[in-house]
Amino acid sequence: MWAVTEDDKDKFGEGTDAPPRGHGAFFGRRKGKTLRPGHADLMSASLPQLRLDLTAPPPADLAGLFPEPVGEVWLEIGFGGGEHLTQRAGENPQIGFIGCEAYVNGTAKMLAQIEQNGLANIRLWDDDAKAVVDWLPAGSIARIYLLYPDPWPKRRHRKRRFLGEEMLTRLARILKPGGELRFATDIDDYAAYALARVARSSEFEWTAERQADWLTPWEGWRSTRYEAKALREGRRGAYFTFRRI
Ligand SMILES: C[S@@+](CC[C@H](N)C(=O)[O-])C[C@H]1O[C@@H](n2cnc3c(N)ncnc32)[C@H](O)[C@@H]1O
């Protein structure tokens, strides 16, 4: 069972039961502890260089967002502390990455990792990922990672979940045919909720053929911060690959 910890309360401000701020299923940019000076400097100096400009139309070829040539572009939604994004971007310099995270401290950590690892293939969005999804051109993304989105385990909060019917349609628009939506969760009910919606969708197919396919992480997987916490609390993750038809 999911339990809100002091850590989460710090992260989410008022705790996950707090009444919504802002509109719809998103609650505005999230701020945790005061940023340490190095991170605050990165937020003011590096973030403006790396942040997407959603006020301008996207380039017809998204490769134009990156200083070095890239073959395709992958999107990570809600990268948290950025461990996964850092790893994948480091391993795949020929791929351009767009990372979205509304939690200010997460973006600051990501900027520090970009600097430490000299990564030139990442662009960031430090607010609601939905704005990026709607800005991106149709068929421009080869892979989307949605790793352990906020679980919203209570029935009355389900509509706040990132992956619902409408979002599947919006993600289908930006994925290339054959592109993948990779979704991980440790919440059985969220898994069932997503699978039911994918089953009804004419735009995605679930690639699994046997149980091991969703119980085994993707190749090269290293645990994220959230996954490590789930494991400590006795919940294991499931890894779903939904292919754009
Ligand atoms: C449960 S955490 C998981 C973080 C990370 N993927 C991991 O596995 O450790 C979910 C993250 O998604 C972010 N998030 C939730 N909704 C978002 C949205 N609409 N746009 C951008 N980030 C969002 C939250 O701030 C949070 O950091």
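What you see is a predicted model, and the numbers here were worked out from it, not measured in a lab.

## Comments concerning the environment of Gly-71
Right, on to step 1. The topology assignment puts Gly-71 in the loop between helix H3 (47-50) and strand S1 (72-77).
Right, on to step 2. The class for Gly-71 is exposed, based on a relative accessible area of 73%.
Right, on to step 3. For the pair Gly-71 and Gln-94, spaced 23 residues apart in the sequence, the C-alpha separation amounts to 5.9 Å.

## Regarding the pairing of strand S2 (residues 95-100)
Right, on to step 1. The buried fraction of S2 amounts to six of the six residues, a majority that puts the element mostly inside the structure.
Right, on to step 2. Side-chain alternation along S2 places Ile-95, Phe-97 and Gly-99 on one buried face and Gly-96, Ile-98 and Cys-100 on a second face that is also buried.
Right, on to step 3. In this fold, S1 hands off to helix H4 (residues 83-91), which returns the chain to S2; that crossover is right-handed.
Right, on to step 4. Bridging between S2 and strand S3 (residues 122-125) involves four bridges; their strand directions are parallel. Directly across from Ile-98, in S3, lies its bridge partner Arg-123.

## Observations regarding the UniProt feature "binding site: substrate" (unreviewed entry) in the protein
Right, on to step 1. As annotated by UniProt and renumbered to match this structure, "binding site: substrate" (unreviewed entry) occupies Lys-154, Asp-186, Thr-224, Arg-225, Tyr-226 and Glu-227.
Right, on to step 2. Among the structural elements, Lys-154 can be located in the loop between strand S4 (141-147) and helix H7 (165-174).
Right, on to step 3. Mapped onto the fold, Arg-225 is located in helix H10 (residues 225-232).
Right, on to step 4. Relative accessible area serves as the criterion here: at 47%, Arg-225 is assigned to the partly exposed category.

## Let's talk about the nonpolar core
Right, on to step 1. Judged by nonpolar contacts, the single largest core of 40 residues is most densely connected at Leu-75, Ile-98, Leu-171 and Leu-181.
Right, on to step 2. Looking at this core, the elements that each hand over two or more residues are S1, S2, helix H6 (129-135), S4, H7, strand S5 (175-185), helix H8 (188-200) and strand S7 (238-244).
Right, on to step 3. Apart from residues lying up to four places away in sequence, Ile-98 is in contact with Leu-52, Leu-65, Phe-66, Val-73, Trp-74, Leu-75, Glu-76, Arg-123, Val-132 and Leu-136.
Right, on to step 4. Counting residues in hydrophobic clusters, the runner-up holds 30 residues, among them Leu-42, Ile-95, Leu-111 and Ala-142.

Reading the values: the criteria
- Residues numbered from 1 in each chain as written.
- Predicted model: local features only at pLDDT ≥ 70, side-chain atom pairs only at ≥ 80, totals over all residues.
- Heavy atoms only, no water.
- Helix = DSSP H or I, 4+ residues; strand = E, 2+ residues; numbered from the N terminus.
- Buried < 20%, exposed > 50% of the residue type's maximum accessible area, 1.4 Å probe, protein only.
- Right-handed = clockwise from strand over helix to strand, strands pointing away.
- Pairing = 2+ DSSP bridges.
- UniProt positions renumbered as here; feature names shortened; annotations may be inferred.
- Core = buried A, V, L, I, M, F, W, Y, C linked by side-chain atoms within 4.5 Å.
- Contact = heavy atoms within 4.5 Å.

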